[in-house]
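Remarks on the overall topology
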Amino acid sequence: MRTTRLGGSTVPVSELALGCAALGNLFHPVTDETAHATVDAAWDAGIRTFDTAPHYGLGRSERRLGAALRDRPRDTYTLSTKVGRLLVPHPDSGACDDLAHGFAVSATHHRVWDFSADGVLRSLEASLERLGVDHVDVALLHDPDDHAEQALREAYPALERLRAEGVIGAIGIGMNQSALPARFVRETDIDVVLLAGRYTLLEQDGLTELLPEAAARGRSVVIGGVFNSGLLTTPRPGATYDYAPAPQPVLDRALRLLAVCERHGVPLRAAALRFPFGHPAVASVLTGARSPHEVHDTVEQLTRPIPDALWDELRAEGLLDPGIPVPAATPTEQAMPSKEPS
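Figured I'd write up the structure that's included with this text. (Residues numbered from 1 in each chain as written. Predicted model: local features only at pLDDT ≥ 70, side-chain atom pairs only at ≥ 80, totals over all residues. Heavy atoms only, no water.)

Quick notes on the overall build of the protein chain
Under the convention used in this document: Numbered from the N terminus, helices here are DSSP runs of H or I no shorter than four residues, and strands are runs of E no shorter than two. Put simply, the radius of gyration uses C-alpha atoms, and a globule should come to 2.2 Å times the residue count raised to 0.38. Here the term buried applies to any residue with accessible area under 20% of the maximum for its type, exposed to any over 50%, and partly exposed to those in between, with areas from a 1.4 Å probe on protein chains only. By the convention used here, residues are in contact when the closest approach between their heavy atoms is within 4.5 Å. Only the protein chains shown count as cover for residues, and the accessible areas themselves come from Shrake-Rupley with a 1.4 Å probe. Counting rule for charge: Lys and Arg are taken as positive, Asp and Glu as negative, and neither His nor the chain ends is counted. Lys charges are placed at NZ, Arg charges at CZ, Asp charges at CG and Glu charges at CD.
Assigned secondary structure in the protein chain consists of 11 helices and 14 strands. The C-alpha atoms of the protein chain give a radius of gyration of 20 Å, which matches the 20 Å a tight globule of 342 residues would have. Principal axes of the C-alpha set define a box for the protein chain whose edges measure 65 × 45 × 40 Å. Here the protein chain holds 342 residues, and the buried ones make up 55% of them. In the protein chain, 74% of the contacts between residues at least 6 apart in sequence involve partners at least 24 apart. In the structure as shown, the protein chain presents an accessible area of about 14300 Å², 52% of it carried by carbon and sulfur atoms. Taken together, the 32 basic and 45 acidic charged side chains of the protein chain have centroids lying 1 Å from each other.

As for helix H10 (residues 308-316)
Since the α-helix advances by 3.6 residues per turn, residues separated by three or four positions end up pointing in the same direction. Selection criterion: Each C-beta atom gives one direction from the helix axis, and the arc is the one those directions make.
Residues of H10 that are buried: Leu 310, Trp 311, Glu 313 and Leu 314. Mapping the buried residues of H10 onto a view down its axis gives an arc of 160 degrees, with all of them on the same face. Considering only its buried residues, H10 is in contact with helix H7 (248-263) and helix H8 (268-274). Phi for Gly 318, located one or two positions after H10, is positive at around 75 degrees.

Observations regarding the pattern of salt bridges
Pairing between side chains of opposite charge can happen when their charged atoms approach one another. Basically, it comes down to this: In the sections that follow, a salt bridge refers to a side-chain nitrogen of Lys or Arg positioned within 4 Å of a carboxyl oxygen of Asp or Glu.
On inspection of all chains with the given rule, the structure shows 24 salt bridges. Glu 154 is the salt-bridge partner of Arg 153, the closest N and O atoms lying 3.9 Å from each other. By relative accessible area, Arg 153 is classed as exposed at 54%. Across the salt bridge formed by Glu 209 and Arg 186, the nearest N and O atoms sit 2.3 Å from each other. One end of the pair, Glu 209, is in the loop between strand S10 (192-196) and helix H6 (210-217); the other, Arg 186, is in helix H5 (residues 179-187), with 23 residues separating them in the sequence. Residue Arg 186 is classed as partly exposed on the basis of its relative accessible area of 33%. Overlapping salt bridges, with partners in common, bring together Glu 160, Arg 163, Asp 189, Asp 191 and Arg 219 in one network.

Structural data, given as structure tokens:
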């Protein structure tokens, strides 16, 4: 699988990265065995970049990912985790679950926002222990929406010092919005932005400011949430968009995207997965999986041929603006006959 370096760092990322929120029992339980098998399937498919966070299942994702990677040579994969939420033991751990935060685990801890320099160091130390490794390759500031100034003044400089000391290889920010990451690209020397849900086939808010800034400054962007929390896998009434039922206008747009893809014999999820690679700042697409089957399907979709005619029709239908970059077709894809009716 193709690899790219993150920004000006020496940290490689594979074309596909495995997001490990599901390994923390996102919405529904996943067994230890299935979690391990999911990581194994990603490895067998050539995926060498794995992203996790303390937030995911109150540390369960980190523990499971570390266990699944334990027998792999440490220098053969890229490991990313996040800072900004400290896990503090909960005095009534057996009394409730963590579903209010989206994870089907017991609420053994509660999360405390902390973007101080000390908080960053404590977070990374705890993550290393849960992962069972002596270093992570990428540390990301996790969702500092309401903590922007502290993240800029305290958390970022702490990560910059760790990078200079060689403790981490690359630093960045991971968010579901594009405005604050664009500010970090302008005002700091981060290597990468993990942008979730804001540069997809359905919406391209990230193109307004963030992606051009990143490209101009030699920074990398990893795109997550390419299926907009499920809507671009199977658009239908009740499908989720941003983790809630999709509003009707959004659903209608997704159904129009589906109709165009079907006319060209391309699954919507294949087009959604490939779309971000059209922008030069995009280094990798990160997708979650909770089973080996989901990993296999994602890899299969990435390799599906997509003709230029599909992107052309999306533009003609007003579903993509003319100036939005799209992936260049391979010679094989260019030779594909269009399945659009004459």
